[in-house]
Amino acid sequence: MEKKYRGVVVPMVTPVTQREEIDPQAVEAIIDEFADSGVCPLLLGTTGEGNSVSPSAAQTLVETAVAAARGRVTVYAALTGNCVSEQIVQANRYFETGVDVVAATLPNYYALTPRQMEEYYLTLAEALNGPLMLYNILATTHMSIPIDVVTRLAGHPNIVGLKDSENNIERLREILRFSKDRGDFSFFCGRAAFSAETLALGADGIVPSGGNFVPRMYRALYDRALEGDVAEAARLQRQTADICAIYQKGFTLGESLAALKLMLSVRHLCQPWMLKPLTRLTPDQEQEVLAQCSALTAVG
(Lines give C-alpha, C1' and ligand atoms only; values in the text may rest on other atoms or scores of the structure.)
Protein backbone atom coordinates (compact mmCIF):
# COMPACT_ATOMS: atom_id res chain seq x y z
CA MET A 1 0.00 0.00 0.00
CA GLU A 2 1.57 3.30 -1.11
CA LYS A 3 0.53 6.09 1.20
CA LYS A 4 0.34 9.76 0.35
CA TYR A 5 2.85 10.76 3.02
CA ARG A 6 6.04 8.73 2.85
CA GLY A 7 9.73 8.85 2.05
CA VAL A 8 12.68 10.73 3.50
CA VAL A 9 11.72 13.96 5.26
CA VAL A 10 14.78 15.88 6.42
CA PRO A 11 14.42 18.19 9.44
CA MET A 12 16.07 21.12 7.73
CA VAL A 13 18.44 23.50 9.49
CA THR A 14 17.37 27.13 9.50
CA PRO A 15 20.11 29.07 7.64
CA VAL A 16 20.79 32.48 9.15
CA THR A 17 23.33 35.23 8.75
CA GLN A 18 25.59 36.56 11.49
CA ARG A 19 22.83 39.10 12.23
CA GLU A 20 20.43 36.18 12.84
CA GLU A 21 18.35 36.94 9.75
CA ILE A 22 17.05 34.23 7.42
CA ASP A 23 19.56 33.58 4.62
CA PRO A 24 17.34 33.18 1.52
CA GLN A 25 20.13 32.05 -0.79
CA ALA A 26 21.07 29.28 1.61
CA VAL A 27 17.43 28.22 1.95
CA GLU A 28 17.16 27.98 -1.83
CA ALA A 29 20.42 26.02 -2.09
CA ILE A 30 19.34 23.48 0.52
CA ILE A 31 15.87 23.03 -0.97
CA ASP A 32 17.41 22.49 -4.42
CA GLU A 33 19.77 19.90 -2.91
CA PHE A 34 16.84 18.13 -1.27
CA ALA A 35 14.72 18.11 -4.42
CA ASP A 36 17.61 16.78 -6.50
CA SER A 37 18.18 14.06 -3.89
CA GLY A 38 14.55 12.94 -3.70
CA VAL A 39 13.94 14.04 -0.11
CA CYS A 40 11.50 16.53 1.43
CA PRO A 41 12.07 19.30 4.00
CA LEU A 42 10.59 19.62 7.46
CA LEU A 43 10.92 23.30 8.31
CA LEU A 44 11.22 24.75 11.82
CA GLY A 45 11.62 21.48 13.70
CA THR A 46 14.12 20.76 16.46
CA THR A 47 17.01 20.68 13.99
CA GLY A 48 15.66 23.92 12.52
CA GLU A 49 15.77 25.71 15.89
CA GLY A 50 12.02 26.16 15.56
CA ASN A 51 11.47 27.49 19.07
CA SER A 52 14.07 30.22 18.49
CA VAL A 53 12.63 31.53 15.20
CA SER A 54 10.35 34.57 15.47
CA PRO A 55 6.94 34.37 13.77
CA SER A 56 7.98 36.89 11.10
CA ALA A 57 11.26 35.08 10.41
CA ALA A 58 9.42 31.76 10.32
CA GLN A 59 7.04 33.13 7.70
CA THR A 60 9.99 34.39 5.65
CA LEU A 61 11.60 30.95 5.84
CA VAL A 62 8.39 29.20 4.81
CA GLU A 63 7.75 31.57 1.90
CA THR A 64 11.32 31.18 0.64
CA ALA A 65 11.30 27.39 0.97
CA VAL A 66 7.92 26.94 -0.73
CA ALA A 67 8.97 29.18 -3.61
CA ALA A 68 12.26 27.30 -3.98
CA ALA A 69 10.52 23.92 -3.89
CA ARG A 70 8.37 24.84 -6.92
CA GLY A 71 6.08 21.89 -6.25
CA ARG A 72 8.91 19.37 -6.62
CA VAL A 73 8.66 18.07 -3.05
CA THR A 74 6.15 17.89 -0.22
CA VAL A 75 6.86 20.67 2.26
CA TYR A 76 6.32 19.92 5.95
CA ALA A 77 6.49 22.58 8.68
CA ALA A 78 6.76 22.03 12.41
CA LEU A 79 4.51 23.80 14.87
CA THR A 80 6.04 24.56 18.26
CA GLY A 81 5.26 26.86 21.16
CA ASN A 82 2.88 27.09 24.09
CA CYS A 83 0.10 29.46 22.97
CA VAL A 84 -2.41 27.36 21.05
CA SER A 85 -4.31 30.28 19.53
CA GLU A 86 -1.06 31.69 18.10
CA GLN A 87 -0.11 28.24 16.79
CA ILE A 88 -3.38 27.98 14.90
CA VAL A 89 -2.90 31.38 13.27
CA GLN A 90 0.69 30.56 12.34
CA ALA A 91 -0.16 27.12 10.96
CA ASN A 92 -2.98 28.40 8.77
CA ARG A 93 -0.67 31.11 7.47
CA TYR A 94 1.79 28.36 6.52
CA PHE A 95 -0.96 26.53 4.63
CA GLU A 96 -1.90 29.73 2.79
CA THR A 97 1.76 30.09 1.80
CA GLY A 98 1.86 26.58 0.33
CA VAL A 99 3.02 24.23 3.07
CA ASP A 100 1.51 20.77 2.56
CA VAL A 101 1.53 19.35 6.10
CA VAL A 102 2.02 20.75 9.62
CA ALA A 103 3.59 18.58 12.34
CA ALA A 104 2.92 19.72 15.91
CA THR A 105 4.89 18.98 19.06
CA LEU A 106 3.23 19.15 22.45
CA PRO A 107 3.22 22.51 24.25
CA ASN A 108 5.76 21.87 26.98
CA TYR A 109 5.70 24.52 29.70
CA TYR A 110 3.17 22.51 31.71
CA ALA A 111 3.20 18.75 32.15
CA LEU A 112 0.11 17.54 30.30
CA THR A 113 -2.11 14.60 31.13
CA PRO A 114 -2.97 12.14 28.34
CA ARG A 115 -6.45 13.70 28.17
CA GLN A 116 -4.97 17.17 27.73
CA MET A 117 -2.61 15.91 25.02
CA GLU A 118 -5.53 14.39 23.14
CA GLU A 119 -7.64 17.54 23.49
CA TYR A 120 -4.74 19.66 22.24
CA TYR A 121 -4.37 17.68 19.02
CA LEU A 122 -8.12 17.51 18.47
CA THR A 123 -8.30 21.30 18.86
CA LEU A 124 -5.63 21.72 16.20
CA ALA A 125 -7.17 19.13 13.90
CA GLU A 126 -10.51 20.97 13.94
CA ALA A 127 -8.98 24.44 13.50
CA LEU A 128 -6.29 23.90 10.87
CA ASN A 129 -6.98 24.35 7.16
CA GLY A 130 -4.70 21.48 6.18
CA PRO A 131 -3.43 18.09 7.31
CA LEU A 132 -1.86 17.64 10.74
CA MET A 133 0.81 15.19 11.88
CA LEU A 134 1.50 14.34 15.51
CA TYR A 135 5.12 14.98 16.51
CA ASN A 136 6.42 13.05 19.51
CA ILE A 137 9.83 14.13 20.84
CA LEU A 138 10.48 13.27 24.47
CA ALA A 139 13.98 14.81 24.44
CA THR A 140 12.64 18.37 24.12
CA THR A 141 9.03 18.29 25.40
CA HIS A 142 9.85 15.88 28.27
CA MET A 143 6.56 14.16 27.57
CA SER A 144 5.65 11.10 25.53
CA ILE A 145 2.32 10.84 23.73
CA PRO A 146 0.79 7.55 24.98
CA ILE A 147 0.23 4.96 22.29
CA ASP A 148 -3.48 4.65 23.09
CA VAL A 149 -3.81 8.42 22.55
CA VAL A 150 -2.02 8.09 19.20
CA THR A 151 -4.35 5.23 18.24
CA ARG A 152 -7.48 7.25 18.96
CA LEU A 153 -6.18 10.38 17.24
CA ALA A 154 -5.31 8.34 14.14
CA GLY A 155 -9.03 8.06 13.48
CA HIS A 156 -9.49 11.81 12.96
CA PRO A 157 -9.84 12.66 9.24
CA ASN A 158 -7.44 15.62 9.48
CA ILE A 159 -4.70 13.78 11.38
CA VAL A 160 -2.58 12.04 8.77
CA GLY A 161 0.37 10.60 10.65
CA LEU A 162 2.96 10.58 13.40
CA LYS A 163 6.61 11.58 13.48
CA ASP A 164 8.07 9.80 16.50
CA SER A 165 11.59 10.69 17.64
CA GLU A 166 11.60 8.76 20.89
CA ASN A 167 14.63 6.57 21.61
CA ASN A 168 12.46 3.54 22.29
CA ILE A 169 12.43 0.85 19.64
CA GLU A 170 9.77 -1.22 21.45
CA ARG A 171 7.42 1.77 21.39
CA LEU A 172 8.04 2.27 17.66
CA ARG A 173 7.41 -1.41 16.96
CA GLU A 174 4.12 -1.27 18.84
CA ILE A 175 2.96 1.79 16.91
CA LEU A 176 3.90 0.13 13.63
CA ARG A 177 1.75 -2.86 14.46
CA PHE A 178 -1.39 -0.74 14.19
CA SER A 179 -0.24 1.89 11.68
CA LYS A 180 1.47 -0.04 8.89
CA ASP A 181 -1.74 -1.32 7.32
CA ARG A 182 -3.69 1.93 7.67
CA GLY A 183 -3.91 3.80 4.41
CA ASP A 184 -4.95 7.01 6.16
CA PHE A 185 -2.16 7.27 8.75
CA SER A 186 1.59 7.41 8.08
CA PHE A 187 4.36 6.62 10.52
CA PHE A 188 7.71 8.42 10.25
CA CYS A 189 10.66 7.30 12.36
CA GLY A 190 12.40 10.39 13.72
CA ARG A 191 15.19 8.40 15.35
CA ALA A 192 17.79 8.05 12.58
CA ALA A 193 19.54 5.09 14.25
CA PHE A 194 16.33 3.06 13.83
CA SER A 195 15.77 3.96 10.17
CA ALA A 196 16.56 0.61 8.54
CA GLU A 197 14.80 -1.44 11.20
CA THR A 198 11.59 0.55 11.24
CA LEU A 199 11.41 0.68 7.44
CA ALA A 200 11.75 -3.10 7.37
CA LEU A 201 8.85 -3.28 9.83
CA GLY A 202 6.61 -1.12 7.68
CA ALA A 203 7.42 2.51 8.50
CA ASP A 204 6.33 4.92 5.79
CA GLY A 205 9.27 7.24 6.15
CA ILE A 206 12.25 8.46 8.11
CA VAL A 207 13.19 11.91 9.44
CA PRO A 208 17.01 12.00 9.80
CA SER A 209 18.84 15.22 10.74
CA GLY A 210 21.92 13.82 8.98
CA GLY A 211 19.96 14.13 5.76
CA ASN A 212 20.97 17.80 5.74
CA PHE A 213 24.53 16.65 5.04
CA VAL A 214 24.00 13.42 3.09
CA PRO A 215 20.44 13.47 1.67
CA ARG A 216 21.25 11.05 -1.16
CA MET A 217 22.64 8.50 1.27
CA TYR A 218 19.44 8.49 3.30
CA ARG A 219 17.36 8.28 0.15
CA ALA A 220 19.42 5.23 -0.86
CA LEU A 221 18.90 3.71 2.59
CA TYR A 222 15.15 4.23 2.25
CA ASP A 223 15.05 2.73 -1.25
CA ARG A 224 17.17 -0.30 -0.36
CA ALA A 225 15.08 -0.98 2.75
CA LEU A 226 11.84 -0.89 0.74
CA GLU A 227 13.38 -3.19 -1.87
CA GLY A 228 14.21 -5.69 0.86
CA ASP A 229 17.98 -5.35 0.42
CA VAL A 230 18.67 -5.85 4.11
CA ALA A 231 22.43 -6.03 3.82
CA GLU A 232 22.80 -2.79 1.85
CA ALA A 233 20.31 -0.97 4.07
CA ALA A 234 22.30 -2.09 7.12
CA ARG A 235 25.56 -0.93 5.53
CA LEU A 236 24.09 2.48 4.81
CA GLN A 237 22.70 2.62 8.34
CA ARG A 238 26.22 2.09 9.74
CA GLN A 239 27.73 4.61 7.34
CA THR A 240 25.19 7.31 8.19
CA ALA A 241 25.65 6.59 11.90
CA ASP A 242 29.38 7.29 11.56
CA ILE A 243 28.61 10.63 9.86
CA CYS A 244 26.03 11.59 12.50
CA ALA A 245 28.55 10.83 15.24
CA ILE A 246 30.69 13.73 13.98
CA TYR A 247 28.08 16.29 15.04
CA GLN A 248 26.38 14.36 17.85
CA LYS A 249 28.94 12.45 19.90
CA GLY A 250 29.97 14.33 23.04
CA PHE A 251 27.72 17.32 22.30
CA THR A 252 24.52 18.57 23.84
CA LEU A 253 21.56 18.76 21.46
CA GLY A 254 22.13 22.49 20.91
CA GLU A 255 25.85 22.01 20.32
CA SER A 256 25.13 19.21 17.85
CA LEU A 257 23.03 21.60 15.74
CA ALA A 258 25.92 24.07 15.67
CA ALA A 259 28.25 21.28 14.58
CA LEU A 260 25.82 20.24 11.85
CA LYS A 261 25.60 23.78 10.48
CA LEU A 262 29.40 23.93 10.49
CA MET A 263 29.49 20.72 8.45
CA LEU A 264 27.03 22.22 5.97
CA SER A 265 29.23 25.30 5.67
CA VAL A 266 31.98 23.00 4.38
CA ARG A 267 29.61 22.12 1.54
CA HIS A 268 28.78 25.83 1.04
CA LEU A 269 25.13 25.19 1.85
CA CYS A 270 24.79 27.57 4.78
CA GLN A 271 26.73 29.68 7.25
CA PRO A 272 27.53 28.31 10.73
CA TRP A 273 25.62 30.95 12.69
CA MET A 274 23.02 30.01 15.30
CA LEU A 275 19.93 31.67 16.76
CA LYS A 276 20.15 32.69 20.42
CA PRO A 277 20.19 31.17 22.95
CA LEU A 278 22.28 28.68 20.94
CA THR A 279 25.79 29.66 19.89
CA ARG A 280 28.56 28.44 17.64
CA LEU A 281 30.98 25.88 19.06
CA THR A 282 34.29 26.96 20.55
CA PRO A 283 37.17 27.35 18.06
CA ASP A 284 38.74 24.10 19.30
CA GLN A 285 35.47 22.22 18.90
CA GLU A 286 34.99 23.62 15.41
CA GLN A 287 38.48 22.54 14.39
CA GLU A 288 37.78 19.00 15.60
CA VAL A 289 34.52 18.80 13.63
CA LEU A 290 36.23 20.16 10.52
CA ALA A 291 39.05 17.65 10.89
CA GLN A 292 36.58 14.77 11.06
CA CYS A 293 34.71 16.13 8.04
CA SER A 294 37.88 16.24 5.99
CA ALA A 295 38.58 12.63 6.92
CA LEU A 296 35.35 11.38 5.36
CA THR A 297 36.04 9.24 2.31
CA ALA A 298 32.45 9.21 1.01
CA VAL A 299 29.50 11.47 1.80
CA GLY A 300 26.90 10.20 -0.64
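That block above? That's the structure.
Everything quoted here is computed from the prediction, not taken from an experiment. (Residues numbered from 1 in each chain as written. Predicted model: local features only at pLDDT ≥ 70, side-chain atom pairs only at ≥ 80, totals over all residues. Heavy atoms only, no water.)

Undergrad: Hey, could you run me through the layout of surface pockets in this one?
TA: Over the atoms, a rolling probe the size of a water molecule traces out where space has been left empty. Of the voids in this model, the largest pocket is the one considered here, and its volume is about 660 Å³. Every residue lining the largest pocket is counted, 29 residues in all, and those nearest its centre are Gly190, Arg191, Ser209, Gln248 and Leu253. Those elements that place two or more of their residues in the lining of the largest pocket are α5 (138-141), α10 (230-248) and α11 (253-266). Broken down by element, the lining of the largest pocket gets its largest block of residues, six residues, from α10. Taken together, the residues that form the lining of the largest pocket break down as 15 nonpolar, eleven polar and three charged. Surrounding the second largest pocket, 25 residues form its lining, Arg6, Gly7, Asp204, Tyr222 and Leu226 being those nearest its centre. (1 Å grid on protein atoms, 1.4 Å probe; cavity = no way out; pocket = protein on both sides within 12 Å on 5 of 7 lines; lining within 4 Å. Points joined across faces, edges and corners; volume = space filled by probe spheres on them. Helix = DSSP H or I, 4+ residues; strand = E, 2+ residues; numbered from the N terminus. Nonpolar A, V, L, I, M, F, W, Y, C, P; charged D, E, K, R; others polar.)

Undergrad: Please clarify how the sheet that holds strand β1 (residues 7-11) should be interpreted in this entry.
TA: Two orientations exist for strands paired in a sheet by backbone hydrogen bonds: parallel and antiparallel. A barrel is described by the order of its strands in space; here eight strands give the closed sequence β1-β2-β3-β4-β5-β6-β7-β8, paired in parallel fashion. As defined by bridge partners, strand β7 (residues 186-189) adjoins strand β8 (residues 205-206) across two bridges and the pair is classed as parallel. Within the sheet, the bridge partner assigned to Phe188 lies in β8 and is Gly205. (Pairing = 2+ DSSP bridges.)

Undergrad: What is the right way to look at the pairing of β7 in this model?
TA: The side chains of a regular strand alternate, first on one face of the sheet and then on the other. Here β7 shows no split at all, with Ser186 and Phe188 on one side and Phe187 and Cys189 on the other all buried. For strand β6 (residues 159-164) and β7, the ladder comprises four bridges, and the chain directions are parallel. If you follow Asp164 over to β7, its bridge partner there is Cys189. With helix α7 (residues 169-179) bridging β6 and its parallel neighbour β7, the resulting β-α-β unit is right-handed. Running through helix α8 (residues 195-200), the crossover from β7 to the neighbouring parallel element β8 is right-handed. (Buried < 20%, exposed > 50% of the residue type's maximum accessible area, 1.4 Å probe, protein only. Right-handed = clockwise from strand over helix to strand, strands pointing away.)

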